[in-house]
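The lines below spell out each chain.
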Amino acid sequence: MSFPKDVAERALVDSGRHCCLCHKFCGSKIVLHHIIQKEDGGEDTYENCIPLCFDCHAEIKAYNHKYPNGMAYSESELKKHRDNWYLKVKASGGIVANEDHLELDQKVFLEIQRILKSDEVMEFIRDNNFAGFAFRYSRLEPINEFYHLCQKPEFEFLDVDLEGLRSKLYKLIENFRKEIAFNTFPVNSEMVSVPPEWAFEQPERFNKVVDTIHELTGQIWDTYSDLIKLGRRKLGI
Ligand SMILES: [Zn+2]
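Residues numbered from 1 in each chain as written. Predicted model: local features only at pLDDT ≥ 70, side-chain atom pairs only at ≥ 80, totals over all residues. Heavy atoms only, no water.

Enquirer: I'd like to hear about the coordination of the zinc ion, residue by residue, with values.
Expert: Around the zinc ion, the donor atoms from the protein are Cys-19 (SG), Cys-22 (SG), Cys-53 (SG) and Cys-56 (SG), and they sit 2.3 to 2.4 Å away. For the zinc ion, the four donor atoms are set out with angles of 103 to 114° between them, so the coordination reads as tetrahedral. Mapping the donors of the zinc ion onto the primary sequence gives the spacing C-x2-C-x30-C-x2-C. For Cys-56, a relative accessible area of 8% gives the class buried. (Donors = N, O, S within 2.8 Å, 3.2 Å for Na, K, Ca; no water. Tetrahedral: all angles 85-135°; square planar, octahedral: opposite > 155°, others 65-115°. Buried < 20%, exposed > 50% of the residue type's maximum accessible area, 1.4 Å probe, protein only.)

Enquirer: Before we move on, can you summarise the domain arrangement of the protein with the specific residues and values?
Expert: According to the domain assignment, the protein contains domain 1 (5-91) and domain 2 (99-235). Carbon and sulfur atoms make up 60% of the area that domain 1 and domain 2 hide from each other, which totals about 790 Å². The three residues of domain 1 that bury the most area against domain 2 are His-23, Lys-24 and Lys-88, which together make up 52% of that side's buried surface. Counting across the domain 1 and domain 2 interface gives one salt bridge. Notably, a salt bridge pairs Glu-156 with Lys-88, separated by 2.5 Å at the nearest N-O pair. Here domain 1 is connected to domain 2 by five residue pairs in polar contact (both at pLDDT 80 or more). When contributions to the side of domain 1 that touches domain 2 are tallied by element, the ones reaching two or more residues are helix H2 (54-62) and helix H3 (75-91). Sorting elements by how many residues they give to the side of domain 1 that touches domain 2 places H3 first, with three residues. (Domains from an automatic or database assignment. Buried area = accessible area lost by both parts, 1.4 Å probe. Salt bridge = Lys/Arg side-chain N within 4 Å of Asp/Glu carboxyl O. Polar contact = N/O pair within 3.5 Å; in protein donor to acceptor, adjacent residues only side chain to side chain. Helix = DSSP H or I, 4+ residues; strand = E, 2+ residues; numbered from the N terminus.)

The following block contains the structure:
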C-alpha cells in the first residue's frame, strides 16, 4: 500500500470498507487502487484513491489497453462511482435516515422477498444434494430472475449495510450459476444433473464440482438469511 497512512485511513472510513464498484463489504480484503496509475504520474493522494474488492481490482488490472476487449473504466467514471458511494456511506447511519430512502429500500427488499422465497427456492438451494442427483432446472428460475434484476442500476439499497449484503448475494449467485452452467447436463427435457458417472470416471472433477456447489449454496443461504434479518430490523418489514 503506497498511500500514506492518513489517506488510506480516510478512504477506508469513507467507503465503510466496501468496494466502490460492486458495493460488497470487504473488511480486510480491500485494495486501495490508484485511479491514475503511478507510472502515468498518478499521486498518492486521497483524490486519486479508490477502495476496491479483489475481484473488481483484478478486473481493472487485467484490462489491456493495447488489446482492448470490452470497455475499460475511465478515470472520471471511477471517481464518480467512488464519490457516489462515499455519499451513500455518509448518508447512511445505523438506521435508515429519511422517509424517502426508507420507502425505496422497502421496495427493493419486498422484491427480493417475493422472488427468493425462503420456503421455496432458498430452501431448495440449501437442502438439495447436487452430488450427481438430478433436479428440475426450473427450480432455479427465481435465482435467474434475481440475477437479472441485479443488472438494473435502480435495484440497489440506499442503506450501505443492506447494499453490501445484496451485492455479496449477487456475486455468490453469479458463481453458483456458472458452476451449474458448466457442470450440469440435461438428463431429460426438464431435469439436469452433475453427471453421476463422473464419480467413477473423473472423481477429482466430480468432487471439486460438488464441493464448490455445496460451499456456494451454504454461503448463499447464510448471506440470504443475514440480508432478511437485517432488512426486517432496519426497514421494519
Ligand atoms: Zn467489487
